[in-house]
Amino acid sequence: METLIELDRSLLYFFNGSSSLFLDNLAVVLTSGLTWIPLYLALVYVVIKNNETMGQIMLAIGCGILCVVISDGLVDFIVKPLVARYRPSHEPSIKYIVDIVNDMRDTKYGFFSAHASNTFCIAVFFSLLIRNRVFTTIMVLWSLLNCWTRMYLGLHYPGDIFVGLVWGGIVGCLVYYLYMKTYLKMSQKINYVSSQYTSTGYSYTDLDIVSLVMTLILLYAIFRALIVFV
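Please read all numbers here as calculations on a predicted model, not as lab measurements. (Residues numbered from 1 in each chain as written. Predicted model: local features only at pLDDT ≥ 70, side-chain atom pairs only at ≥ 80, totals over all residues. Heavy atoms only, no water.)

## Concerning the packing of aromatic side chains
This is how the line gets drawn: The aromatic pairing rule takes the rings of Phe, Tyr and Trp, using the six-membered ring of Trp, and pairs them if the centres are within 6.5 Å, calling planes under 30 degrees apart stacked, those over 60 edge-to-face and the rest tilted. We count a stretch as a helix when DSSP gives it H or I for four or more residues in a row; a strand needs E for two or more, and each element gets its number in order from the N terminus. Throughout, exposure labels follow a simple rule: accessible area from a 1.4 Å probe, protein chains only, divided by the maximum for the residue type, with under 20% read as buried, over 50% as exposed, and the rest as partly exposed.
Considering all chains together, one arrives at 11 aromatic pairs under this definition. Considering the side-chain rings of Y40 and W142, the 6.1 Å spacing of their centres and the 75 degrees angle between planes classify their relative orientation as edge-to-face. One end of the pair, Y40, is in helix α3 (residues 37–49); the other, W142, is in helix α6 (residues 133–152), with 102 residues separating them in the sequence. Among the residues examined, Y40 registers a relative accessible area of 31% and is labelled partly exposed. Since its relative accessible area comes to 2%, W142 is described here as buried. Considering the side-chain rings of F111 and F112, the 5.8 Å spacing of their centres and the 85 degrees angle between planes classify their relative orientation as edge-to-face. Judged by its relative accessible area of 5%, F112 is buried. Members of the aromatic cluster, each reached through a chain of ring pairs, are F125, F126, Y176, Y179 and Y183.

Below, the structure is given as structure tokens:
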């Protein structure tokens, strides 16, 4: 166990902080949930645009919300208080060693990462829902980008991130299974053969909107970081 703890700390030091004020500011912007609201709205738009009935729309959106409720609920209300592992920013032996940006120390306990589990369960659920390689790549990279910010800012150990990703993946798969069981009772039309749609009936053109929104968010984050940097 001591070896694992030391490995966790060594990996944290690799990812944590830098001498770049620009990267400091970029990580702060990207780690904020408010930054990603346009992405969530884009996902809702894609679901609304590509489902035929209100029941199908509400099922998909409801399952997306359920992912976060299950993921975040277990982390914040059960695991963190029970395990009570300090964040790097609060760990007495290293809290003055790790780089902390703008004194952003967050809550006391950090095992395991809600950012990792929440973003990855959303990425997994919507990837299974839509079934497009480019979209899946974007969503997974989005989750990993959020994970990087948490280590960079000294708010989570890599071990916190890893467990969060595992839990998020499990939740995303379980909720998708629930979605399919319910969807098949509402409609048997699930497999599409078309050059304009994914196998589950989602328009490639609409998915381009998600890519565009992701690009604009990243440009906004870079712009915000540059303004503070300058």
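## Overview of helix α5 (residues 114–130)
Rule in force here: How far a helix is expected to stretch is found by multiplying one less than its residue total by 1.5 Å.
The end-to-end C-alpha distance of α5, which contains 17 residues, comes to 24 Å, matching closely the 24 Å that a straight helix rising 1.5 Å per residue would cover. With 15 of 17 residues buried, α5 is to be regarded as a mostly interior element.

## So, the nonpolar core
How we decide: Take the buried Ala, Val, Leu, Ile, Met, Phe, Trp, Tyr and Cys residues and link them wherever side-chain atoms come within 4.5 Å; each set so joined is a nonpolar core. We call two residues contacting when some pair of their heavy atoms lies within 4.5 Å.
Core analysis: the largest hydrophobic core is formed by 47 residues, its most contacted members being V47, F125, F126, L129, F135 and Y179. Those elements that place two or more of their residues in this core are α2 (21–31), α3, α4 (54–83), α5, α6, α7 (158–186) and α8 (204–229). A total of 10 residues in this core trace back to one element, the largest contributor, which is α5. When residues no more than four places from it in sequence are discounted, the contact partners of Y179 are N51, L59, A60, C63, F125 and L129. Of all hydrophobic cores here, the second largest spans five residues; its members include A27, Y152, L153 and L155.

## Side note on the side chain of D8
Its location among the elements puts D8 in helix α1 (residues 2–15). Judged by relative accessible area, which is 10%, D8 ranks as buried. If we ignore the near neighbours within four places in the chain, the residues touching D8 are R85, Y157, P158 and G159.

## Description of the side chain of S117
As a reminder of what qualifies: Side-chain atoms alone can form a polar contact between residues adjacent in sequence; in general such a contact is a pair of N or O atoms within 3.5 Å, and within protein one must be able to donate a hydrogen while the other accepts it.
With respect to the helices, strands and loops of the structure, S117 is situated in helix α5. Engagement of the side chain of S117 in a polar contact is seen with the side chain of S71, the distance being 2.9 Å. With residues near it in sequence (within four places) discarded, S117 still touches S71, V75, F112, G164, W167 and G168.

## Notes on the pattern of salt bridges
Stated formally: Here a salt bridge means any side-chain nitrogen of Lys or Arg lying within 4 Å of a carboxyl oxygen belonging to Asp or Glu.
Scanning all chains against the criterion turns up seven salt bridges. Across the pair R85 and D8 runs a salt bridge whose closest N-O atoms are separated by 3.0 Å. Residue R85 is found in the loop between α4 and α5, and its partner D8 is found in helix α1; the two are separated by 77 residues along the sequence. R85 sits in the partly exposed class, given a relative accessible area of 23%. For K49, the salt bridge is made with D206, and the minimal N-O distance between the two is 3.4 Å.

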